[in-house]
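Summary of structural features
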Amino acid sequence: MSQWVRAVAVDDIKEGGAKSFAYSDKRIALFRTARGVFATDNRCPHQGYALVRGDVRDGELTCAWHNWKFDLPTGGCRFGGENIRSYPVQVRDGQVYLDVADPPAEVIRPELFASLNAAMDDLDVGRLARDALRLQRIGTPLSDVVREGVRYAAPRAEYGWDHSLATLTDCLRMSQFFTESLRALPVIQGLSVAAEDQVRRPARQRPDPVDPVAGYGSVDAALLAYPELVDAERAEEAEALLRGLIAAGVPAPVLRHMLLTAVTDHFLAYGHSMIFVQKAFELLDGIGWQEADTVLSPLVPEMVLGTRYDKLPYMRRFLRAWQGAEPELTALAAGLPGAGVQAGGGFDQAGFRRALTDGSPEEAMTALAGALRAGTAVAALIDATGLAAAERLARFDIELDLDDTNECGWLDVTHTLTYLNALRWAWSADPSPEVLRGLFHAAWFVQWTGQFDDRDPGRDHGRPRPHQTEDAAQLHRAIIRRDPEAAVALVDGYTGPRAELERSLMQAAAEDHSTAPIMVAHVVKTARAAVDESRALGETPQSAAPIAAAARFLASPKRERFVYQSTLDAISTLRGVPRPDAEQVRP
Ligand code: FES
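In this text, all values refer to a predicted model and were calculated from it rather than measured experimentally.

1. Quick word on the overall build of the chain
Counting its secondary structure elements, the chain contains 25 helices and 11 strands. Structurally, the chain occupies a C-alpha span of about 95 × 65 × 55 Å along its principal axes. Within the span of the chain, comprising 587 residues, buried residues form 55% of the whole. Contacts in the chain between residues far apart in sequence, at least 24 positions, make up 69% of those at least 6 positions apart. Here the chain displays about 25,500 Å² of accessible surface, and carbon together with sulfur accounts for 50% of that area.

See below:
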């Protein structure tokens, strides 16, 4: 419906001149030309300068600041990156009238989604932000905006699931920590990571779905075949089967168990495969199961191509210890739900954590196996392993990350927390023997990453003295000014509501100024996992430890470009020097 309003008298604009006009929240530029009066947005979409100062020639408006050009009657962009809105104009009785009615949401929404896609293709973050906010403003749920990002990113993900999809998942969940327009901030952060990761990539070729009954005899047989296909690296067959199972309507929990079985057959891709399964199902919770084929099928190449860390020297000692106990543990886990549900009496949580953070591979393995044998609840062991992972982040040697002469860095240890958080999700959804294997991987992970602890005798390794405060915003400020000591001290000394502290951490994560998309992805992922872990620990004195751990990571200066390190690697490679085949990178 039209909404005509009187703007100005025609004579208020001199021939060939322009005038600005405001109506409600609209800022409009009026141009009087030989062909009549025209009205457009006054804000240039490029950097927001006033278009009323622009030049008009032959029906073309040129922004005075950086020369973007627009067709004056329609607002179509002729040079630059985005159209502007033009308003219908009528001149009656010497007065200029404008139709300021906004088009119905259902009319402009498809245009905005098309524009959002174009912005992702151009890696134009400014336009991404504007389109996401315009969509939000016309009442589009942010989950719909993320769904569009997923439809853009998932088919282009060259090797399947990657950080772009994980970040979109985390960012959708993070939006709950913000209010009003800023709710879109994490979503825009997620879209920008997705755009940067996938920009202008062609869609990955996918195999057609295979009917599970026709191809494997029955759905049950097909479900059993899937992990074997992954193990044998038969990616095409595995993906065709997964797509067929989805098309056949196999329920989500059944597919989830099948995927979790495949990802715990090995310690896959430094834990990423488990993390990505968690994110994929969370994403589908957010954007709807109808996207299952789009979201789940890229899991297959990622898990097929993922490194089997359990086949590398890294895990050798731990696996030797595990092999001895595995049959008993399998039997123990197979007795579920009886085993592992009730907490065993006398669980020495501190001793267990110490075995993981300071013990040998054998001691870590023995501590976990012993606790299970004693009937300790798996959930209690997940809590304790999560705290040990948080301790690992608290001890990480920050200098190591900044040293180009090694390949170790923050991301080697942040995954202990994010993997554990994925395992917690997996166990809560599917308390099965297959998922229980993931707890052994988690215990190994925490133990193994002890090599990255700060052990320099010349430095003071004590935890900073708690800084007592009720002002959660101080944590955000400490992170933004890159002060890890202050960040940890503030979390340790914080006495206000926990929700405020979580929000402060999330705000810092959503605003993160890292340049590399992979770093933004891990900042977001670690912050989100820390909040989940903290909440899972409930009202206990230790429950802020995961937040302190993530805050330390967020606040630390981090290496993001690896040109010098790659050059050093290349020199070694060209000299024919292989890396040492050691179980530990650092002695
Ligand atoms: S602000 Fe208009 S072109 Fe830059």
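2. Considering the packing of helix α9 (residues 252–264) against helix α19 (residues 433–448)
Viewed as axis vectors pointing N to C, α9 and α19 meet at an angle of 35 degrees, and their least axial separation amounts to 8 Å. Of the two possible hands of crossing, α9 and α19 adopt the one that is left-handed. When α9 is examined against α19, the residues H257, L260, T261 and T264 are found in contact with a partner set consisting of E434, V435, R437, G438 and H441. Tallied by class, residues from the contact of α9 with α19 come to two nonpolar, five polar and two charged.

3. Concerning the packing of aromatic side chains
The tally for this structure, following the rule as stated, stands at 22 aromatic pairs. Relative to F553, the ring of W410 has its centre 5.2 Å away and its plane inclined at 55 degrees; by these criteria the two rings are tilted. Of the two residues, W410 is situated in helix α18 (residues 410–429) and F553 in helix α24 (residues 545–555); the sequence distance between them amounts to 143 residues. Owing to a relative accessible area of 0%, W410 belongs among the buried residues under this scheme. Ring geometry for Y419 and F445: centres 6.2 Å apart, planes at 75 degrees, overall edge-to-face. Pair noted here: Y419 is in helix α18 and F445 is in helix α19, with a separation of 26 residues, a long-range link. Residue Y419 shares its accessibility class with F445, and that shared class is buried. What links up through ring pairs into an aromatic cluster is the set F267, Y270, Y309, Y314, Y419, W444, F445, W448 and F452. The ring of Y152 has R156 lying over it, and the distance from NZ or CZ to the ring centre is 3.8 Å. Between K558 and the ring centre of F553, over which it is positioned, the NZ or CZ distance is 4.8 Å.

4. Overview of helix α1 (residues 105–122)
End to end, α1 covers 25 Å across 18 residues, agreeing with the expected 26 Å (1.5 Å per residue, within 8%). Those residues of α1 not exposed but buried are I108, L112, F113, S115, L116, A119 and M120. In the core, the buried residues of α1 are packed alongside α2 (125–137), α3 (142–153) and α5 (184–198). L123 sits one or two positions beyond α1 and adopts a positive phi of about 50 degrees.

5. A look at the environment of G306
Its place among the elements puts G306 in the loop between α12 (299–305) and α13 (316–334). Once the C-alpha coordinates of G306 and R354 are considered, the two residues, 48 residues apart in sequence, prove to be 30 Å apart. When near neighbours in sequence (up to four residues on either side) are disregarded, G306 contacts L268 and A269.

6. Some remarks on the sheet that holds strand β10 (residues 89–92)
The strands that make up a sheet are held in pairs by hydrogen bonds between backbone atoms, and each pair lies either parallel or antiparallel. Pairing is antiparallel in the open sheet, where three strands are placed in the order β1-β11-β10. Each edge of the open sheet carries a strand with a single partner, namely β1 (4–9) and β10. Taken over all neighbouring pairs, the strand axes of this sheet differ in orientation by 30 degrees on average, direction set aside. Two strands pair when backbone bridges link them, and β1 and strand β11 (residues 95–99) are joined in this way by five bridges, in the antiparallel orientation. Pairing of V5 across the sheet is with L98, part of β11.

7. Concerning helix α25 (residues 563–574)
A rise of 1.5 Å per residue sets the reference length of α25, with its 12 residues, at 16 Å; its end C-alpha atoms lie 16 Å apart and thus fit the reference within 8%. G576 occupies a position one or two residues after α25 and carries a positive phi of about 80 degrees.

8. Things to note about the environment of K69
Summarising the element assignment, K69 is placed in strand β7 (residues 69–71). Here K69 falls in the partly exposed class, since its relative accessible area comes to 25%. For the pair K69 and R92, spaced 23 residues apart in sequence, the C-alpha to C-alpha distance is 29 Å. Not counting the four nearest positions on each side in its chain, K69 is found in contact with E60, L61, T62, G76, C77, R78 and F79. There is a polar contact of 3.1 Å between the side chain of K69 and the side chain of T62.

9. Quick word on the nonpolar core
Among the nonpolar cores identified, the biggest contains 149 residues, and Y226, L296, M303 and L505 are the most heavily contacted of them. With 11 residues, α18 is the single largest residue contributor to this core. Two domains each donate at least three residues to this core, and these are domain 2 (105–198) and domain 3 (212–310). In contact with L296, not counting residues within four places along its chain, are L242, I246, L255, A280, F281, L284 and W289. Ranked by size, the runner-up nonpolar core spans 14 residues in total, among them V8, I13, F21 and V37.

10. Brief notes about the side chain of S273
One can find S273 in helix α10 (residues 272–287). Given a relative accessible area of 0%, S273 falls into the buried group. What S273 contacts, discounting residues up to four positions off in sequence, is V263, L268, E302 and M303.

11. Re the pairing of β10
Pairing of β10 with β11 involves four bridges; the strand directions are antiparallel. The residue of β11 that forms the bridge with V91 is V96. Following β10, the chain reverses through two residues before pairing antiparallel with β11; D93 in that reversal takes a positive phi of roughly 50 degrees.

Definitions and cut-offs
Residues numbered from 1 in each chain as written. Predicted model: local features only at pLDDT ≥ 70, side-chain atom pairs only at ≥ 80, totals over all residues. Heavy atoms only, no water. Helix = DSSP H or I, 4+ residues; strand = E, 2+ residues; numbered from the N terminus. Buried < 20%, exposed > 50% of the residue type's maximum accessible area, 1.4 Å probe, protein only. Contact = heavy atoms within 4.5 Å. Areas by Shrake-Rupley, 256 points an atom, 1.4 Å probe, with all protein chains shown as cover. Axes fitted to C-alpha atoms, helices over the stretch in contact; angles between N-to-C directions. Left-handed = near helix turned anticlockwise from the far one by under 90°. Nonpolar A, V, L, I, M, F, W, Y, C, P; charged D, E, K, R; others polar. Phe/Tyr/Trp six-rings, centres within 6.5 Å; stacked < 30°, edge-to-face > 60°. Lys NZ or Arg CZ within 6 Å of the ring centre and 35° of its normal. Expected span 1.5 Å × (residues − 1). Pairing = 2+ DSSP bridges. Polar contact = N/O pair within 3.5 Å; in protein donor to acceptor, adjacent residues only side chain to side chain. Core = buried A, V, L, I, M, F, W, Y, C linked by side-chain atoms within 4.5 Å. Domains from an automatic or database assignment.

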